[in-house]
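One letter stands for each residue in the lines below.
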Amino acid sequence: MHAIPYGKQEITEKDIAAVTDALQGELLTQGPRITAFEEAFASYIGSQYAVAVSNGTAALHLSALALGVTSDKKVITTPITFAASANAVLYAGGQVDFCDINPQTYLLDLNRLEDMLKKDASQYQGVVPVDFAGYPVRTDELRQLCDRYGLWMLEDACHAPGGWFNDTFGKARQCGDGTFADLAIFSFHPVKHIAAGEGGMITTNSKALYDKLQMLRTHGITKSPELLQENHGGWYYEMQELGFNYRLTDIQAALGHSQLERAEENLEKRKKIAARYDAALKDVPDVATPFVAPGTGHAYHLYIIKTSQRKALYDFLREHQIFTQVHYIPVHLQPYYQQMGWKKGDFPNAEQYYEQCLSLPMYPSLTEEEQEYVIGKIKAFYEE
Ligand SMILES: *Cc1c(COP(=O)(O)O)cnc(C)c1O
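Procedures and definitions
- Think of each chain on its own: its residues are numbered from 1, step by step along the sequence as written.
- Only residues with pLDDT of at least 70 are given local features in this predicted model, and only at 80 or more are side-chain atom pairs given and counted; all residues enter the totals for whole chains, interfaces and linings.
- As a convention, hydrogens and water are excluded, and side-chain values are obtained from all of the structure's heavy atoms.
- In these notes, residues near a molecule or strand are those with any non-hydrogen atom within 4 Å of it.
- Polar contact is defined as a pair of N or O atoms within 3.5 Å, subject to the rule that within protein one atom must be able to donate a hydrogen and the other to accept it, and that residues adjacent in sequence are counted only when both atoms are side-chain atoms.
- Numbering goes from the N terminus for both helices and strands, where a helix is a DSSP run of H or I of at least four residues and a strand is a run of E of at least two.
- Three classes are used, and their members are as follows: Ala, Val, Leu, Ile, Met, Phe, Trp, Tyr, Cys and Pro are nonpolar, Asp, Glu, Lys and Arg are charged, and the others, Gly among them, are polar.
- DSSP calls a pair of strands paired once it identifies at least 2 bridges connecting them.
- Simply put, an axis is a line fit to the C-alpha atoms, just over the touching stretch for a helix, and the angle between two N-to-C directions goes from 0 to 180 degrees.
- In what follows, residue pairs with any heavy atoms lying within 4.5 Å of each other are defined as contacts.

Observations regarding the site of the ligand
Phase 1 of the analysis: Around the ligand, the surrounding shell holds 14 residues, and the nearest of these are Gly56, Thr57, Asp156, Ser187 and Lys192.
Phase 2 of the analysis: Contact between the ligand and His159: an oxygen atom at 2.7 Å from a side-chain N or O atom of the residue.
Phase 3 of the analysis: Between an oxygen atom of the ligand and a side-chain N or O atom of Lys192, the distance comes to 2.8 Å.
Phase 4 of the analysis: Top element by residues in the shell around the ligand is helix α3 (residues 56-66). It accounts for three residues.
Phase 5 of the analysis: A per-class count over the shell around the ligand returns four nonpolar, eight polar and two charged.

Pasting the structure below:
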């Protein structure tokens with residue numbers, strides 16, 4: 001068998017044609033393909049607005065700035081995420097704090113968060129929940145906490161385009177749809193659902209935040225007549241904020257948009273792959289398959305099992321050309337964060353999860369034959 005990674009992109013002839021077309025367009029950046037991609041993405045996710053940026057990390061950084069991160073208060077996130085979820089708060093000059101995970105969903109534990117806030121909410125300004133692996137955060141419940149304690153909410157939905165949950169009224173809510181979070185962010189890194197090479201998107205239902213983000217992504221400069229303080233003529237623009245160059249190119253937008261057209265179909269493929277793993281692995285002793293609550297739509301960016309023999313299984317599969325991965329090493333245990341004062345033992349659920357988790361191959365182009373090979377090897381490992 002050839003090498004099987006844990007995730008990979010799929011590029012079709014249509015994708016290639018879309019990129020070729022963009023290369024022949026008049027504008028390679030800030031052209032019509034950006035707006036078209038933003039509108040299509042907002043419509044897919046169900047938000048009112050979307051702002052395309054150069055990557056998911058830039059999306060987090062600009063979001064933190066737009067939400068007005070200050071240096072005197074902390075922003076809470078989960079230790080089980082990619083480091084960027086926490087780093088962006090530091091970029092914006094804020095302080096980071098963590099809240100341990102729920103051992104069943106692997107998401108930031110809202111009960112523990114409430115305890116932290118009850119103790120002393122005045123230390124905190126915002127929260128960055130992560131729809132980890134594609135499992136939706138209950139942003140409706142989190143919104144209530146945020147409102148009660150005066151926090152803003154920035155949803156890191158990088159893993160979850162197409163994920164959803166039924167809210168307390170039984171209404172289906174899509175991850176990042178702008179109903180409960182102030183802002184949500186997505187990434188178009190090739191291992192994510194939609195590949196653009198590099199790329200990111202911020203979604204929101206707030207016009208004020210949308211205007212601010214558009215300005216921040218291009219140096220803090222605006223040419224919009226309704227936003228200008230003066231107007232000297234057609235050439236005139238104003239730099240009103242200290243922004244960045246976090247623009248996406250039209251070449252990347254063309255690829256992202258073309259991929260977006262297959263997003264629903266690919267999500268269905270991910271669900272089928274997950275269902276096959278669920279069925280095949282549910283009776284393997286020492287393998288825990290992902291929990292999914294009723295009324296929840298998992299987006300399956302990752303398919304994570306837990307096992308007490310994680311390292312041995314990882315090595316065994318690797319010997320057979322199956323390249324699984326671990327998501328994630330808890331952020332608070334990274335040397336940079338340890339040097340800020342965090343240490344082993346601070347977040348026991350996250351640390352215990354890390355000892356046991358393994359992400360199996362999960363991507364839409366994974367064939368049934370490849371998946372059967374993976375399943376066969378996992379079973380062989382436990383039967384030895
Ligand atoms: C990928 C990812 C990011 C960062 O996205 P980039 O596009 O790689 O910058 C942030 N948060 C999470 C949870 C991610 O998976």
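Comments concerning the sheet that holds strand β12 (residues 296-297)
Phase 1 of the analysis: Taken together, three strands build an open sheet; the order of strands is β7-β6-β12 and the sheet is antiparallel. Each having just a single partner strand, β7 (172-174) and β12 make up the two edges of the open sheet.
Phase 2 of the analysis: As paired strands, strand β6 (residues 164-166) and β7 are joined by three bridges and run antiparallel to one another. Opposite Asn166, over in β7, you have Ala172 as the bridge partner.

Re the sheet that holds strand β5 (residues 152-156)
Phase 1 of the analysis: Overall, mixed pairing links the seven strands, which are arranged β1-β9-β8-β5-β4-β2-β3 in an open sheet. Each edge of the open sheet is held by one strand with a lone partner, namely β1 (49-53) and β3 (95-98). Sheet twist, expressed as the mean angle between neighbouring strand axes with direction ignored, is 25°.
Phase 2 of the analysis: By the bridge criterion, two bridges tie strand β4 (residues 124-128) to β5 in an arrangement that is parallel. Bridging from a neighbouring strand, Val127 pairs with Met153 of β5.
Phase 3 of the analysis: Helix α2 (residues 32-45) contacts β1, β8 (183-187) and β9 (200-204) of the sheet and is inclined by roughly 130° relative to β1.
Phase 4 of the analysis: Packing of helix α4 (residues 84-91) onto the sheet brings it into contact with β2 (74-77), β3, β4 and β5, and relative to β3 it is tilted by some 150°.

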